[in-house]
Amino acid sequence: TASAIRLSLVGSEMCTRDSCGSMEGNVNLIGYDQHELTLLFCTNSYQLGEFDVPGKSQNLLYTAAGRAILSHLPAMDVVSLIFSAERIPFTTKTIIEPKTLMGEIEQAFKNGFAVVSREQNGDTVSIASGILNDQNEPIGAVELTGAWEKLRWAKKRKRLGNAVQTLSTSISTNLKNHSLP
């Protein structure tokens, strides 16, 4: 869609100009439309065993990008999504309990970013913040994924979470200020 293309162009331009080079892992730009997440842009500086490629679908419940986006949706929509989705334990750390998932999503809203630690892959941590359109609805997210060994400390996650949130807020602002005719 036009919004995904615009999001990808603005996000990739800002990522190359701003802080993506100083992040400790892959920085991904994720698009969101009708409960679907799609990878739009990625740096691939951290190897997860396979390259992430644009167009790849992402999981809404078990990724930091998904939880960051869900934190901006109405609570009843989130509850409905959680209960209707197949809850799959990818690792022993995967959160599948609905009440705990809701708590994680609420915490993401309070923090301005979501953290998923070792839930899909036992060796990775992801930190993401939502990108909002001019109606403050989620249209995507900026997500950092890196090695658990480098991102296991809470202070570091908070610092990087704040950096990811700054980047996503900047993208949101630029999208709102530079709308297409």
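Please refer to the structure placed before this passage.
Here the structure is a predicted model, which means the values were calculated and not measured. (Residues numbered from 1 in each chain as written. Predicted model: local features only at pLDDT ≥ 70, side-chain atom pairs only at ≥ 80, totals over all residues. Heavy atoms only, no water.)

Caption draft 1: Local environment of the nonpolar core. Within the largest apolar cluster, 26 residues are counted, with the highest numbers of intra-cluster contacts made by Y32, L37, L60, L70, L73, V78 and I82. Of all the elements in the fold, those that place two or more residues in this core are strand 1 (26-33), strand 2 (36-42), helix 2 (64-70), helix 3 (75-84), helix 4 (98-111) and strand 4 (114-117). Not counting residues up to four positions away in its chain, the partners in contact with V78 are L70, L73, M102 and I105. Formed by 15 residues, the second largest nonpolar core is a distinct cluster that contains L29, V142, L144 and L160. (Core = buried A, V, L, I, M, F, W, Y, C linked by side-chain atoms within 4.5 Å. Buried < 20%, exposed > 50% of the residue type's maximum accessible area, 1.4 Å probe, protein only. Helix = DSSP H or I, 4+ residues; strand = E, 2+ residues; numbered from the N terminus. Contact = heavy atoms within 4.5 Å.)

Caption draft 2: Looking closely at the side chain of S117. Residue placement: S117 occurs in strand 4. At 3.1 Å, the side chain of S117 forms a polar contact with the side chain of R157. What S117 contacts, discounting residues up to four positions off in sequence, is K93, T124, V125, W148 and R157. (Polar contact = N/O pair within 3.5 Å; in protein donor to acceptor, adjacent residues only side chain to side chain.)

Caption draft 3: How the structure looks around the pattern of salt bridges. Within the structure shown, the criterion is met by 1 salt bridge. For R67, the salt bridge is made with E119, and the minimal N-O distance between the two is 2.7 Å. Taken together, the residues span a long stretch of sequence, with R67 in helix 2 and E119 in the loop between strand 4 and strand 5 (124-132) at a distance of 52 residues. Both residues of the pair, R67 and E119, belong to the buried class. (Salt bridge = Lys/Arg side-chain N within 4 Å of Asp/Glu carboxyl O.)

Caption draft 4: Helix 3, seen in detail. Those residues of helix 3 that fall on the buried side of the exposure criterion are V78, L81 and I82. For helix 3, the angular spread of buried residues about the axis comes to 95°, placing them on one side. Facing away from the buried surface of helix 3 by more than 90 degrees, the exposed residues are M76, F83 and S84. (Arc of directions from axis to C-beta.)

Caption draft 5: Structural detail: helix 6 (residues 154-177). The first and last C-alpha atoms of helix 6 sit 34 Å apart over 24 residues, in line with the 34 Å expected at 1.5 Å per residue. Every buried residue of helix 6 is accounted for by R157, L160, G161, V164, L167, S168, I171, S172 and L175. (Expected span 1.5 Å × (residues − 1).)

Caption draft 6: Representation of the packing of aromatic side chains in the model. Overall, the coordinates contain 1 aromatic pair when judged by the stated rule. On the numbers, 5.5 Å between centres and 80° between planes, the contact of Y62 with F90 is edge-to-face. Of this pair, Y62 sits in the loop between strand 3 (57-58) and helix 2 while F90 sits in the loop between helix 3 and helix 4, and the two are 28 residues apart along the sequence. (Phe/Tyr/Trp six-rings, centres within 6.5 Å; stacked < 30°, edge-to-face > 60°.)

Caption draft 7: Seen up close, unusual backbone geometry. Backbone geometry at H35 places phi at a positive 65°, although glycine is not the residue there. The residue H35 is located in the loop between strand 1 and strand 2 in this model. H35 gets classed as partly exposed once you look at its relative accessible area, which sits at 38%. Positive phi outside glycine occurs at R118, with the angle close to 60°. Residue placement: R118 occurs in the loop between strand 4 and strand 5.

Caption draft 8: Just the packing of helix 3 against helix 4, in detail. Where helix 3 meets helix 4, the axes come as close as 10 Å, and the angle between the chain directions of the two elements is 140°. Comparing the axis directions of helix 3 and helix 4 gives the class oblique. Like other packed secondary-structure pairs, helix 3 and helix 4 cross with a definite hand, here right-handed. Seen from helix 3, the contacting residues are V78, V79, I82 and F83; seen from helix 4, they are P98, L101, M102 and I105. (Axes fitted to C-alpha atoms, helices over the stretch in contact; angles between N-to-C directions. Parallel < 35°, antiparallel > 145°, perpendicular 65-115°, else oblique. Left-handed = near helix turned anticlockwise from the far one by under 90°.)

Caption draft 9: Geometry of the sheet that holds strand 6 (residues 138-147). Ordered by their spatial adjacency, 6 strands build an open sheet running 3-2-1-6-5-4, and the pairing between neighbours is antiparallel. Bordering the open sheet on either side are strand 3 and strand 4, each of which pairs with just one other strand. Where strand 1 meets strand 6, 6 bridges bridge the pair, whose relative direction is antiparallel. The residue bridging L29 from the neighbouring strand is V142, located in strand 6. (Pairing = 2+ DSSP bridges.)

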